[in-house]
Amino acid sequence: MRVPLSWLTDFVALDAEPRAIAEALDRLGLEVEALDAPGEEITGVKVARILEVRPHPNADKLQLCDIEFGDGTTTVVCGAPNVVNGMVVAYAPSGATLPGGFKLERRKIRGEVSDGMLCSSRELGLGEEHDGILPLASDAELGMDVRDLLGLHDVVFDLSVTPNRSDAMSIVGVARDLAAHFGVPLTVAEPTVDVSGDASDISVLVEAVERAPRFTARQVGVTMGPSPDWMQRRLTLAGMRPISNVVDVTNYVMLERGQPSHAFDLDRLRGPGLVVRTAQVGETLTTLDDVERKLVPSDLLICDADRRPQAIAGIMGGAEAEVHDGTTGIVLEVAYFAPMGISMTSKRLGLRSEASARFERGVDPNGVMRASDRVVELLAEVAGAPIGPPAIDEYPTVVARERIRVRPGRVGAVLGVELDGAQVRESLRPLGIDIEEIDGDAEAFTAIAPTYRPDLVREIDVVEEVGRRIGLDSIPRTLPHTTEQGGGLTARQRARRLVADVMVGLGHSEAMTLPLIAEADLSRIGVDPAATVRATNALSAEEPVLRPAILPGLLKSVAHNAGLGLSDVALFELGHVFGVPPKGQLLPDERDHLAFVASGTMRRGPVEPDRPVDVYDATDALHAIVDALQLTGVETTTADHSGYLRGRAASVVVGGVTIGAVGELDPAVLASFGALAPAVAFEVDLDPLLAGDRRDQAFAPLSRYPAAAMDLAFVLDESVPAAAVVATIRKAGGELLEDARVFDEFRSEALGVGRRSLAVALRFRAPDRTLKDTELNAVWQACIDAVVKHHRAELRS
Amino acid sequence: MDLSDLDLDAAVAAITAATEAGELADLRKRLVGKGSPAFRTRESIKTLDAADRPVVGKAVTDFTKAVEAALEVRAGELGPAAPTEPPLDLTLGTHGRGRGHLHLVTQCQRELEDVFVSLGYRVAEGPEVEDDWHNFEALNFPPGHPARAMQDTLYVDLGDPEQVLLRTHTSPVQIRLMESQPPPIYAVMPGRTYRNETVDARHSAVFHQIEGLAVDRGLTFGDLAGTLETFTSAYFGKKVTSRLLPSFFPFTEPSAEFAITCVFCDAAGCRVCSQTGWIELGGCGMVDPNVFLAVGIDPEEYTGFAFGFGLERMPMLRYGVEPIKTFFDNDSRFLSRY
């Protein structure tokens, strides 16, 4: 909402500096997004008339415009589609300056000299309109400074109005807040109109009363023409393009009072009257913007007496009965439409207008007739409207003002300030809220809200008004006494932090990838994209799938890095993944996953040679996490998994349940993501890991007696996992075996195909004595015997 | 008994003649080490007459002490021995990659969580795919309410049309929390949020928020303002102050936008703060009574406040990170910078 200062001062005397007014607006909750003073940066821009528009010899989309500007003529190149012979425009000659410090120069455009340019609204700092050149009043004096013509010495507050403040979508509403803030009166004159004759010349039939609780129409004779300069100036400053006196008046009243209205050409209506009804299936209407709109039964229409649609109520008029140069009589419609219906239709059609923005917030049902009178008053002034018949006013159920019980004590208690009853009452009155005392209730009063404030319904709404009036920023700042609860993280949250910290400690960095991915990303790692959940309206239509796994996203990041010449990366991510909902549940199966990818080489040099990443980089990370979480019973068992090389992957198993996979990624899969081999990875479901059994943490006294170290080597079948051998040794070694660790793996022709040698380092120690040789030999032999027996192994000597 | 082998003058002369620290070890061995004349003399003591033993013993001891003293003096003069290995160069590089890095958003999230934990808050979480009730309706966004249009929602192909969605804010966690436990509640709710909006330098379809909720007897707007002040000075430092201006959110009333003094220009006015000296951080307000009614909390007995803001925005302000896409590209140069 663009609010020119000069327009505000029609209703409230403001002697503060524009900066101070902007500050006040901010404090009132009417956020000033920009404080525009367009005239400050414009110099040398003059009023000119286009003599002739000629095609540009070298460019289809450009034209040459011969113009006169009072004391001379020249030619400019122009790309706007709306230039026509005789149009009066703003001409910026070479040497002129425009907002943003832009200085014009004579230059050639596609071979033709352009002596400056013609300006659009945006180029003059008058809003976002950039579709064409801004037309100026056709009788404007040529050569005049456009700042004088357009009133650009004014200041415009560009406000961002929140959805609850329908009243502030008008100059009067903004003026009311400022009057309250500065403690000065608000003066809004009642419009005066003369009426005569019989209203029944036109008919009005409201069939959808709940959608149009108040509907007025009146017949007005008009003489079409441009609106006067002062009106065009204000509309332009407010960001609207002047069109004709009749349209400009309706827009002017909408901006001033917040009440949209619509003028139908009486002669172009089929039947002199209006019918308000909902649309029928299959009906269409071509709106003012020449777009044919398909309608549905929830859309509200304003039709002519013949029931033909002439406007989408509250949103946009139809092309058929649009006022035009030859219009002599109009039907002026001013109404209150139910906000919800307007909002739904506007959203469905993707059609938002200045009118719909106001109706969907809620206009003042009791201000409708005043707005209608204001339009007529102005039409009499600028469109020679003769005295017409009174309006027809269909308003079966008058909207009453809300009566709200307000306890001043509660107001202070919610805001956290000491306020007496009088302060609360006095802060409300300037906003148009009336106060009525309640007999026998000293604690409270009744606040009677004006109907232009539909947001005031409950006591808390009034609390907010008091807060706005005293200034939210002036409320003393305190802290709650949170003695009833100690703060802290849950065990799960702490464990999750620990997992991330372990990964970081190992040299891996945390990534965050986007959870919306493409089907192809899943196919690439061999996951069926059918069993996924998707977004139905994603802006990026190629990436609608809610990731069931993190790995594809990480691989894309690895590829992104590789593309930048950063091929040695180790990334992990901890985040949500999404599966189809379990039976009987609406929401997806959403859980935390931990995923890791390392690619390229592990830097070891210069002390040792660099080495390619290998699968132990992935399993080491898993083991470190298992250790940090003090877990027991986490196993990796060799198994094929999609995305990984056959025979080079394993399942991660907790308590017998597979929670993920680890291994070497398939080079073909890597290539499909644009990543390079070698790369290793794991991805696990986090919660089963966090919930896994913890190892016994009871303290055992540390033996002070000497240790005996021994190595054993066995030849076994490849199918025997090293972990099984170690487990057998641990069992056989009993409490005397302090540690057992595989330190070598070896294959050779001599051992035979399918056989390998594993060498294990053992450390024995007794808790309470030095082990005797005989004891040591016995336990050592027991370990050998157990492995030989259980795993068909041979001891290597 | 022959003490003539213990020629101290010759020994000192030899020591003084040494030109390298390395030679001193050999001299020590030759003069007083195993097999040296001094050694042999000391060994021979047990064969001597009892009367002679102290004399010879003292002579050997004196000789040894004098040689050691001379060696020490000469060692000091010559300085340390030349190393036998090539010189160490510790600037060659690191062994391996060193430590990794938490994502900057995680670092920021933890920092904020810790600030609020110290104020007595807990950390609550919820699903990223939500139903309409938790994301909108219970938060006082009735169907068709224009405020729903403030947030471009991404819907999910589950349930009835537009019933299941990617949460547009972390506020549904407020509802889940209030549904699951009675007041008092003091919690912050960090997490990922989604909007169906065009990506630009500051906006991303996926981003993170952190939200706070306090519900208790007697909480006031002043408590909200004080809590935000405490948090902003803990995160941005004492010289940063905050400001609250009236705004609108369906789930709070009164509602406010909170801003901090610009961290780039110390509130003097610069490009980042559009010359205002203020930077908007997020929204806040007193919990709307309708929200309490939706979750079965008596709004007469309890009041509450809530606040929320974008997590990425914090490091964007602190370090000037942009565009926001940088957070999700996972360029390892970015990840390892923080």
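Residues numbered from 1 in each chain as written. Chains lettered and ligands numbered in written order. Predicted model: local features only at pLDDT ≥ 70, side-chain atom pairs only at ≥ 80, totals over all residues. Heavy atoms only, no water.

Colleague: What should I look at first to understand the overall build of chain A in this one?
Modeller: When you go through chain A residue by residue, the secondary structure sums to 20 helices and 42 strands. When its C-alpha atoms are laid out on the principal axes, chain A stretches across 125 × 85 × 55 Å. Scored against the burial criterion, the 797 residues of chain A give a buried share of 53%. Total accessible area on chain A stands at roughly 35,000 Å², and carbon and sulfur atoms take up 51% of it. In chain A, the 80 positive side-chain charges and the 118 negative ones have mean positions that sit 6 Å from each other. (Helix = DSSP H or I, 4+ residues; strand = E, 2+ residues; numbered from the N terminus. Buried < 20%, exposed > 50% of the residue type's maximum accessible area, 1.4 Å probe, protein only. Areas by Shrake-Rupley, 256 points an atom, 1.4 Å probe, with all protein chains shown as cover. Lys, Arg positive; Asp, Glu negative; His and termini not counted. Charge placed at Lys NZ, Arg CZ, Asp CG, Glu CD.)

Colleague: What's the story with the sheet that holds strand β24 (residues 403-406) of chain A in this structure? I'm lost.
Modeller: Backbone hydrogen bonds are what pair the strands of a sheet, in a parallel or an antiparallel way. Residues and elements named next belong to chain A. Ordered in space as β24-β26-β25, the three strands form an open sheet in which the pairing is antiparallel. Among the strands making up the open sheet, the edge pair consists of β24 and β25 (434-437). Each strand axis lies, on average, 30 degrees off the axis of its neighbour in the sheet, ignoring direction. As paired elements, β25 and strand β26 (residues 445-448) share four bridges and run antiparallel to each other. Counted as the bridge partner of Glu436 is Thr446 from β26. The strands touched by helix α12 (residues 459-470) are β24 and β26; relative to β24, the strand with the most contacts, the crossing angle is about 75 degrees. (Pairing = 2+ DSSP bridges. Axes fitted to C-alpha atoms, helices over the stretch in contact; angles between N-to-C directions. Contact = heavy atoms within 4.5 Å.)

Colleague: Could you clarify how one ought to interpret the packing of helix α5 (residues 104-118) of chain B against helix α8 (residues 221-236) of chain B in this entry?
Modeller: Geometrically, a packed helix pair is captured by the angle between its two axes and the distance between the axes. Residues and elements named next belong to chain B. It is the contact of α5 with α8, at a shortest axis distance of 10 Å, that shows an interaxial angle of 135 degrees. Accordingly, the angle class assigned to the pair α5 and α8 is oblique. Our pair here, α5 against α8, has a crossing hand that is right-handed. Facing α5, whose interface residues are Cys108, Glu111, Leu112, Val115 and Phe116, α8 presents Thr227, Phe231, Ala234 and Tyr235. Residues that form the contact of α5 with α8 fall into these classes: seven nonpolar, one polar and one charged. (Parallel < 35°, antiparallel > 145°, perpendicular 65-115°, else oblique. Left-handed = near helix turned anticlockwise from the far one by under 90°. Nonpolar A, V, L, I, M, F, W, Y, C, P; charged D, E, K, R; others polar.)

Colleague: Can you walk me through the interface of chain B and chain A in this structure?
Modeller: The accessible area lost on association of the parts is a frequent measure of interface size. At the interface, 96 residues of chain B touch 93 residues of chain A. Buried area between chain B and chain A, both sides added, is near 7,800 Å², and the carbon and sulfur share of it is 54%. Looking only at chain B, the three residues that lose the most surface to chain A are Arg97, Pro246 and Glu253 of chain B, adding up to 9% of its buried area. In this structure, the connection of chain B to chain A is made through 41 residue pairs in polar contact (both at pLDDT 80 or more). For the side of chain B that touches chain A, the element with the highest residue contribution is α8 of chain B, accounting for eight residues. Classifying every residue of the side of chain B that touches chain A gives 40 nonpolar, 30 polar and 26 charged. (Buried area = accessible area lost by both parts, 1.4 Å probe. Polar contact = N/O pair within 3.5 Å; in protein donor to acceptor, adjacent residues only side chain to side chain.)

Colleague: For this particular structure, what's the right way to read helix α20 (residues 773-791) of chain A?
Modeller: Residues three or four positions apart in an α-helix share a direction because the helix packs 3.6 residues into each turn. Residue and element names in this part refer to chain A. Taking 1.5 Å of rise per residue, 19 residues should cover 27 Å, and α20 covers 27 Å from first to last C-alpha, within 8% of that figure. Taken together, the buried positions of α20 are Leu776, Val779, Cys783, Ile784, Ala786, Val787 and His791. One side of α20 holds all its buried residues, which, seen down the axis, span an arc of 160 degrees. Of the residues in α20, the exposed ones pointing more than 90 degrees away from the buried face are Asp773, Thr774 and Lys789. Those residues of α20 that are buried lie in contact with β39 (708-717), α19 (722-733), β41 (755-764) and β42 (794-796). Positive phi shows up at Arg792, right after α20, with a value of about 50 degrees. (Expected span 1.5 Å × (residues − 1). Arc of directions from axis to C-beta.)

Colleague: Hey, could you run me through the pattern of salt bridges in this one?
Modeller: Oppositely charged side chains can form a pair if their charged atoms are brought close together. Tallied over the full model, the rule gives 82 salt bridges over all chains. Two residues, Glu718 of chain A and Arg756 of chain A, come together in a salt bridge whose shortest N-O distance is 3.9 Å. Of this pair, Glu718 of chain A sits in the loop between β39 and α19 while Arg756 of chain A sits in strand β41, placing them 38 residues apart in sequence. Its salt-bridge partner being Glu43 of chain B, residue Lys46 of chain B comes within 3.9 Å of it at the nearest N-O pair. Among the residues examined, Lys46 of chain B registers a relative accessible area of 60% and is labelled exposed. Judged by relative accessible area, Glu43 of chain B falls into the partly exposed class, the value being 38%. Taken together, the salt bridges that share partners define one network made up of Arg165, Asp167, Asp177, Arg453, Asp455, Glu465 and Arg468 of chain A. (Salt bridge = Lys/Arg side-chain N within 4 Å of Asp/Glu carboxyl O.)

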